[in-house]
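Notes for the structure review
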Amino acid sequence: MSDQEIAKRRKAVHRDSALTVLVGPLKFIVPTLSYVFIYPLMISRNGLDVVGVWSLLMATGTFIGVVDVGFSQLLARETGSDMGSSSIREAHADYTASVRAYIALLVLLTVVFLILKDSFLPLFGSVYPAGALTVSIVLVLAGAVIQLIGRLDSAILSAYQDNYIVQMVTAVAPLFTYSFALAGALLYRPIEGLAIGTVLSGLFTLIVLRFRLSSNHGQWQAAKAAQPFDETRRRLAALVRRGLYLYGSSVGLFIRGPVFRFVVAGALGLQATAVLDIAMRLTQAVRDIIASGFNVLYPSFSYLHRNSDRESIIELMQVSLMVLLPLGGAALGLLTAIADHVLSLWLGDYPAELQGATRVLALWQIITLANVPFWFLLQATHHEKAAAASVWVHTVFVFLAYPVQLASGLDITDLLVYWTVTSVLTQCLIYYHIQTKLGLLWEVILNARVAALLAMVSVFFSWSFLLPMGQPLGRSALFSGVGLLLFSIASALVAGKPVYHFIRSARA
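Residues numbered from 1 in each chain as written. Predicted model: local features only at pLDDT ≥ 70, side-chain atom pairs only at ≥ 80, totals over all residues. Heavy atoms only, no water.

1. Thoughts on the overall build of the protein
When helices and strands are tallied, the protein shows 24 helices and 0 strands. A compact globule built from 508 residues should have a C-alpha radius of gyration of about 23 Å, and the protein, at 23 Å, falls within 12% of that. By its C-alpha atoms, the protein is 65 × 60 × 40 Å across when sized along the principal axes. Across the protein, contacts joining residues at least 24 apart in sequence account for 85% of those joining residues at least 6 apart. Per element, the accessible surface of the protein, about 21,100 Å² overall, is 68% carbon and sulfur. Placing the 35 positive and 27 negative side-chain charges of the protein at their respective mean positions leaves the two points 5 Å apart. (Helix = DSSP H or I, 4+ residues; strand = E, 2+ residues; numbered from the N terminus. Rg over C-alpha atoms; globule rule 2.2 N^0.38 Å. Contact = heavy atoms within 4.5 Å. Areas by Shrake-Rupley, 256 points an atom, 1.4 Å probe, with all protein chains shown as cover. Lys, Arg positive; Asp, Glu negative; His and termini not counted. Charge placed at Lys NZ, Arg CZ, Asp CG, Glu CD.)

Structure, rendered in structure tokens:
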């Protein structure tokens with residue numbers, strides 16, 4: 001490959017990274033605005049118990065995501081414009097086998113659910129009609145599997161530096177999910193609305209992404225070939241072996257949240273589960289708006305690592321932190337400072353525990369934001385075993401939360417402190433592996449600008465936590481606003497120049 005071609009492809013990586021980060025937050029606009037209306041509607045019309053059922057149904061859809069077995073991550077890492085035709089054909093054959101596996105999974109899950117439904121649906125009989133729950137769960141299963149298939153198409157587009165297109169499609173898709181969910185809440189049928197919207201959103205995403213692949217990436221389309229079912233079985237076995245540790249990290253990430261919800265539901269009841277769900281969704285929405293576009297780092301790091309471009313990897317990591325830390329610190333720090341006013345304006349009357357839960361989870365979200373580029377780099381450089389081990393440390397502690405709660409009588413806020421403290425072990429292990437396996441940790445964070453931003457985020461969060469709750473809105477706005485203004489000015493002075501130069505260099 002000529003130097004000119006290498007420079008051209010490096011610019012394509014930078015361009016896709018910059019565009020994805022810019023358009024990525026758009027996909028959270030619809031969900032965030034929708035929850036502003038859906039939760040108050042459900043609480044006022046159906047009660048907190050139904051919010052708990054809603055949370056468990058969403059967790060069921062999330063559980064389906066663990067069946068990915070690393071398939072989409074393998075495709076994103078092993079496909080790309082720099083790969084030869086034979087490699088692309090192999091990747092397309094893996095794609096076909098994965099789609100067939102997901103369709104078989106949907107059939108299996110539906111049959112198993114229909115056989116077993118009479119054993120557990122009566123538990124919700126006084127909260128929500130069993131017939132409506134049956135139909136809704138089947139639809140959520142279907143929607144979750146369709147989204148799994150769409151994730152494969154997203155991985156291919158990301159590998160071809162088309163991740164910003166994926167972000168734009170997923171910005172529109174939630175219109176289907178949440179418009180039907182909102183309509184269902186208005187009609188006292190929030191669970192059915194959510195289920196129908198989940199299916200329609202998945203179908204829309206899949207159709208549009210496949211159209212983009214067929215119209216813009218002829219190399220991928222030309223690799224399509226018929227595949228006997230015997231080859232499908234062989235490829236699936238090979239995919240599971242190759243993606244075992246990618247799968248392990250995905251499983252840990254996907255199930256720890258749903259498992260924690262079931263732990264809280266079993267130990268403290270549906271109302272505590274609703275408190276967890278509301279606090280998690282509020283803080284997660286803020287985090288996701290900031291971090292959403294940064295999944296482009298995975299295919300970008302994969303390409304740069306394949307081409308031994310260490311300098312560009314370090315630059316991309318530092319620039320990522322210079323965006324994540326100021327934006328995350330400002331948004332989550334402000335939420336921490338005025339959580340009581342945000343919740344009262346949004347929900348009116350709310351459980352007292354929700355305030356503390358929101359502040360604790362805001363702290364957890366900023367901790368996880370800081371390790372986003374490190375997490376993607378570990379997996380992109382074939383160190384997924386270390387990534388999986390790191391995340392499973394926290395997941396094991398989540399499983400242990402139930403006996404810990406029974407033994408100590410922790411309330412929901414205490415359990416969230418437990419969640420946050422034990423998660424720090426995962427972050428530390430990720431940083432440890434980045435340094436020991438790649439030798440990159442200190443090169444990235446000992447940069448003067450990055451180190452300054454880490455210090456400023458710590459100071460601003462300490463300030464936000466020290467501000468007392470229950471103050472008049474004007475007083476809270478004054479003190480939190482002064483801190484936010486100083487933090488924002490200092491962050492802009494530190495990070496503005498390198499981020500501007502990166503964006504400028506990525507222009508087509």
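2. Some thoughts on the confidence of the model for the protein
When pLDDT is averaged across the protein, the result is 83; 92% of the residues are at 70 or more. Helix α1 (residues 3-23) is the least confidently modelled element of the protein, averaging 64 in pLDDT, while helix α22 (residues 441-445) averages 92, the highest of any element. (pLDDT = per-residue confidence, 0-100.)

3. Examining the packing of aromatic side chains
Evaluated as defined, the whole model comprises 7 aromatic pairs. Arranged with centres 4.9 Å apart and planes meeting at 40 degrees, the rings of Phe260 and Trp419 form a pair that is tilted. One end of the pair, Phe260, is in helix α12 (residues 244-268); the other, Trp419, is in helix α21 (residues 412-438), and 159 residues separate them in sequence. Taking the relative accessible area as the measure of exposure, Trp419 reaches 2% and is therefore buried. (Phe/Tyr/Trp six-rings, centres within 6.5 Å; stacked < 30°, edge-to-face > 60°. Buried < 20%, exposed > 50% of the residue type's maximum accessible area, 1.4 Å probe, protein only.)

4. Some remarks on the packing of helix α18 (residues 372-380) against helix α19 (residues 384-399)
Relative to each other, α18 and α19 sit at 135 degrees, their axes nearing to 7 Å. By the angle between their axes, α18 is oblique relative to α19. Of α19, the residues touching α18 (which contributes Trp375, Leu378 and Gln379) are Glu384, Ala387 and Val391. Each residue belonging to the contact of α18 with α19 can be placed in one class, and the counts come to 4 nonpolar, 1 polar and 1 charged. (Axes fitted to C-alpha atoms, helices over the stretch in contact; angles between N-to-C directions. Parallel < 35°, antiparallel > 145°, perpendicular 65-115°, else oblique. Nonpolar A, V, L, I, M, F, W, Y, C, P; charged D, E, K, R; others polar.)

5. Some remarks on the pattern of salt bridges
For the coordinates displayed, the defined rule picks out 13 salt bridges. Asp288 is paired through a salt bridge with Arg287; the nearest N and O atoms lie 3.8 Å apart. There is no split in this pair, since Asp288 and Arg287 are both buried. The structure contains a network of salt bridges with shared partners spanning Glu90, Asp94, Glu231, Arg234 and Arg235. (Salt bridge = Lys/Arg side-chain N within 4 Å of Asp/Glu carboxyl O.)

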